[in-house]
4 protein chains.
Amino acid sequence: MASKNGSIREIKKLEKKQRIHEAAIRVMARNGYHGTTVSQIAKAARVADGTLYLYFENKDDLLVGIFDEIMDRFISEGLSVIDEMADPIEKLKRIVELHLKALGSDEDLACIFQIELRHNIHHMKRFSQSKLRQYFNIVERVIRDAQEQGHIRSEVNPWITAKLLFGAVDEMATNWVLRTRDYNLIDMAKPTLDIFLNGLCTNHEEPQSEASIEEGRQTLP
Amino acid sequence: MASKNGSIREIKKLEKKQRIHEAAIRVMARNGYHGTTVSQIAKAARVADGTLYLYFENKDDLLVGIFDEIMDRFISEGLSVIDEMADPIEKLKRIVELHLKALGSDEDLACIFQIELRHNIHHMKRFSQSKLRQYFNIVERVIRDAQEQGHIRSEVNPWITAKLLFGAVDEMATNWVLRTRDYNLIDMAKPTLDIFLNGLCTNHEEPQSEASIEEGRQTLP
Amino acid sequence: MASKNGSIREIKKLEKKQRIHEAAIRVMARNGYHGTTVSQIAKAARVADGTLYLYFENKDDLLVGIFDEIMDRFISEGLSVIDEMADPIEKLKRIVELHLKALGSDEDLACIFQIELRHNIHHMKRFSQSKLRQYFNIVERVIRDAQEQGHIRSEVNPWITAKLLFGAVDEMATNWVLRTRDYNLIDMAKPTLDIFLNGLCTNHEEPQSEASIEEGRQTLP
Amino acid sequence: MASKNGSIREIKKLEKKQRIHEAAIRVMARNGYHGTTVSQIAKAARVADGTLYLYFENKDDLLVGIFDEIMDRFISEGLSVIDEMADPIEKLKRIVELHLKALGSDEDLACIFQIELRHNIHHMKRFSQSKLRQYFNIVERVIRDAQEQGHIRSEVNPWITAKLLFGAVDEMATNWVLRTRDYNLIDMAKPTLDIFLNGLCTNHEEPQSEASIEEGRQTLP
DNA sequence: CATGAATGAGCATTCATTCAT
DNA sequence: TATGAATGAATGCTCATTCAT
């Protein structure tokens, strides 16, 4: 019985933690991290103020907890999808789509991710050095594969490219959160991928050597 | 004499405002917006606390004021440089370089721009709807010109491209601010431009139609 | 047990609110509203600064709260005493006595009432339009009764008389608070009532018509 | 020339002091003493902030200065009017009328007098011990005269009566400042005087001895 | 005399966190 | 576990006053 109770308790504990998470996302998305009090979150989660501290070290930890949980879920889901694919270009496409779909389907979450999680250099560093690095690693791996298979130019730096791609997609997401007119975030996947894969320029018969870019001038026939 | 005094006062006033700006950038870059007290800024600027309020509405306005001033300077400098150039591709290159150089040459400023100015959805919206829009407009204009001159593919959406480019460059800047090992931000200009101009893919003799991307698969001969 | 705890908590809460009230009266009577800090009141009430805000909206509400509580108690006590009496003249006398006794027996309270509560036109208006109106209503009622019973001249306006009586008694109280030599406030009841009931003039066989007062001259035989 | 300039300067100085006084009355009547900043007064008087301090010790002194000036004018005007009269009852009447007319004809001034000047126990004490004492002295003198001439009952205490009369008139003024419906303050003179002179009671053939009041019961035939 | 920029002490209020129940 | 009353440190901002010009 004890173990049965124990497992029920475990479940209830997880449920409550989840409830607090969701309450925090909901409230913080509207009021921002600094505009949200612990009491507001507690009320939204229907627990007492003090109860929050049984599940989180402090207010900041709550934000970090949300972030890590979501990010872990996002990355593992992403990985499981990616792993089933063969073509690295296709994988790249899926990553962008998953990224945009995950945020585009939950505005509150997107708001937390794009805005609230970044108001603090320590969060940013933590983010940058853990989960974001995982993201970059995945993309880097895919790009390397694509390079080995000859689909992506061998000159491009996979790590820098991962950052550039993330940055571009991230900006799409932020812009969507701050949008004045409504549209679907996922629709940004296609043009994003088009530019990253095919580039802006019209003529690639004589692909630009880095040197020629270096010269500050492109030879155009 | 009165006018002379007047102009001297004007200069002193600007000097003091400037001093406060610089002090704020310096202090906030280290401690973050919320980690910085008004008193700290005042002390760093060698003025009394109350003096800040002769030049700024409130603490938040101080941050916004810094942002607007820097951004205006950046944009007008950028425009004057751009205007002297003929080739739109070259212009695009210069924009990216100027962006990275401006931030890469002043780490504190970069920190403020990449992190502190974004801790608040209201700042973000304000930013997004004023200065950032100007930035996008400039890039959009350049891309359109390039399209008219046949240098950039007519299929790409100039506005979305402006966002993507900004996002990629912005991520470069943020990564540099959060870097663990030292490097020059400006060095990111070349690979960024290479990917945006030439794309990732190896073969562009038969450029991807959007439809084929849509299919989730690139036809590679 | 829960209800028992509940009631104990209720009592403790009331006790604490009372303690804060009394501390505020004590401290403000000595230093005035603007000369008193919230911290001083909290310290005097042996609670933390923040605790005050669990019981009061803000510093101003604290003053208003004191006022309303005291005034309600005063009015209801007064009414219960009045109701037991039959003779309206006697009631009038009791009202004056109760008024002077209430203030004369608690100098700090009198100070708050006569001085601190009046430093603000909004307080004055609020006072004037709620509790003071109740006071006036009671006196007016008594005067009307006395008029119906033929004890008070039918020419006098009960509402104006209520104000005049309050003003006279109020001035007695204020003078007592500001006194340089000590005396009992309650001793002012008798002369006050004497003048209001009997008037100043010696001869009333031919009571002054309002018209003759109008003429600016009293006909004295 | 020096003396000529001197006198012109004297006049200008008085003019400026007057301008500041009037500005202060105007602004404080609307915003209250604590709701008014020195800068606001300076702006309303069209002088620099610092200039105020050439004419007044400090903000508080400004209020006191207004009060003393007005009060002196009021008392000396009152005295000159009173002195020309013979009948003490008539004098009493005139005092009440002058009091109500002075305030009733200048709402801002009335507001300052009835509300703002009283938000501080030190002002009150100062007021009570100087100008108000003069007022009481005048009334007391008049009452004594009336008593000597047999117009006012010898039993009444002139000093207490002066306070009561002031209190009643003062309450009329305060009520008028706080009024919700408009009326003329001067109209309160007649009923006020009627009650003070003739009392409330109908029957005065056997004027109440203090003792009978003491008994707590009035003998009514 | 006049100015008004500069000063900096002072204070109400908030809110993350604790802990007795 | 859960509660929520109590805590008290922390801070943005105001504004009366000064003084160099």
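All residue numbers refer to position in the chain's written sequence, counted from 1. Lettering of chains starts at A and numbering of ligands starts at 1, both following the order in which they are written. Thresholds applied to this predicted model are a pLDDT of at least 70 for local features of residues and 80 or more for the giving and counting of side-chain atom pairs; totals over whole chains, interfaces and linings are not thresholded and use all residues. Hydrogens are left out, water is left out, and the side-chain values use all remaining heavy atoms of the structure.

If you look chain A up in an unreviewed UniProt entry, it shows as TetR/AcrR family transcriptional regulator from Sulfidibacter corallicola.

Participant: With reference to specific residues and values, describe the UniProt feature "DNA-binding region" (unreviewed entry) in chain A.
Facilitator: UniProt positions are given in the numbering used here, feature names are shortened, and annotations may be inferred rather than shown by experiment. Per the UniProt record, "DNA-binding region" (unreviewed entry) is found at residues 37-56 of chain A. The distance from the first to the last C-alpha atom of residues 37-56 of chain A is 14 Å, and the span holds 70% helix and 0% strand. Only runs of H or I of at least four residues qualify as helices and only runs of E of at least two qualify as strands under DSSP, and these elements are numbered from the N terminus.

Participant: Go over the protein's contact with DNA strand E, please, and point to the residues and values.
Facilitator: One heavy atom within 4 Å of a molecule or strand is enough for the residue carrying it to be called near that molecule or strand. Residues in contact with DNA strand E amount to 33 residues; listed here are only the nearest, Val38(A), Thr51(B), Tyr55(B), Lys16(D) and Thr51(D). Protein-proximal atoms of DNA strand E, defined as those within 4 Å of the protein, fall in sugar or phosphate at a share of 70%. Distance and chemistry together define a polar contact, namely a pair of N or O atoms within 3.5 Å, with one atom able to donate a hydrogen and the other to accept it when in protein, and with adjacent residues in sequence counting only for side-chain atoms on both sides. At 2.4 Å from a phosphate oxygen of DNA strand E is found a side-chain nitrogen or oxygen belonging to Thr51(B). Within the backbone of Val38(C), a nitrogen or oxygen atom sits 3.0 Å from a phosphate oxygen of DNA strand E. For the surface near DNA strand E, the secondary structure elements donating two or more residues are α3 (49-55) of chain A, α3 (49-55) of chain B, α3 (49-55) of chain C together with α1 (2-31) and α3 (49-55) of chain D. Of the residues in the surface near DNA strand E, the class split is 12 nonpolar, 12 polar and nine charged. Throughout this entry, Asp, Glu, Lys and Arg are counted as charged residues, while Ala, Val, Leu, Ile, Met, Phe, Trp, Tyr, Cys and Pro are counted as nonpolar. The remaining residues, Gly among them, count as polar.

Participant: I'd love a proper account of the interface of chain D and chain C, names of residues and values included.
Facilitator: Two residues form a contact once any of their heavy atoms are found within 4.5 Å. At the junction of the two partners, chain D supplies 61 residues and chain C supplies 62 residues. Put simply, buried area is how much 1.4 Å-probe accessible surface two parts lose in total, over both of them, once they are put together. Carbon and sulfur atoms supply 63% of the area buried between chain D and chain C, which totals about 6100 Å² over both sides. On the chain D side of the contact with chain C, Arg153(D), Leu178(D) and Leu200(D) bury the most area, a combined 12% of that side's loss. The working definition used for a salt bridge is a side-chain nitrogen of Lys or Arg within 4 Å of a carboxyl oxygen of Asp or Glu. Connecting chain D to chain C are two salt bridges. A salt bridge links Arg153(C) to Asp194(D); the nearest nitrogen and oxygen atoms lie 3.2 Å apart. Inspection of the region where chain D meets chain C yields 17 residue pairs in polar contact (both at pLDDT 80 or more). Ranked by residue count, the leading element in the side of chain D that touches chain C is helix α9 (residues 158-177) of chain D, at 11 residues.

Participant: A description of the relation of the copies chain D and chain C should follow, citing residues and the corresponding values.
Facilitator: When chain D is fitted to chain C, the best match, at an RMSD of 0.1 Å, comes from turning it 180 degrees and sliding it 0.0 Å along the axis. The operation mapping one copy onto its partner corresponds to a two-fold rotation axis. For the least-squares superposition of copies, only C-alpha atoms count, and only for residues with pLDDT at least 70 in both.

Participant: Let's hear about the relation of the copies chain B and chain A: which residues, and what values?
Facilitator: For the match of chain B to chain A, the screw axis carries a shift of 0.1 Å, the RMSD comes to 0.1 Å, and the turn is 180 degrees. When the interface residues of chain B are mapped onto chain A, 98% of them again lie at the interface, so the same face is used by both copies.

Participant: Residue-level account of the side chain of Lys163(C), with values.
Facilitator: Inspection of the secondary structure assignment puts Lys163(C) in helix α9 (residues 158-177). Comment: no salt bridge for buried Lys163(C); closest opposite-charge side chain is Glu171(D), at 7.3 Å. Once you skip the residues sitting within four places of it in the chain, Lys163(C) turns out to touch Phe136(C), Glu171(D), Met172(D), Asn175(D) and Tyr183(D). Note on classification: 1.4 Å probe, protein chains only; a residue is buried when its accessible area is under 20% of the maximum for its type, exposed when over 50%, partly exposed between these limits. Counted charges follow a simple rule, with Lys and Arg positive, Asp and Glu negative, and His plus the chain ends left uncounted.

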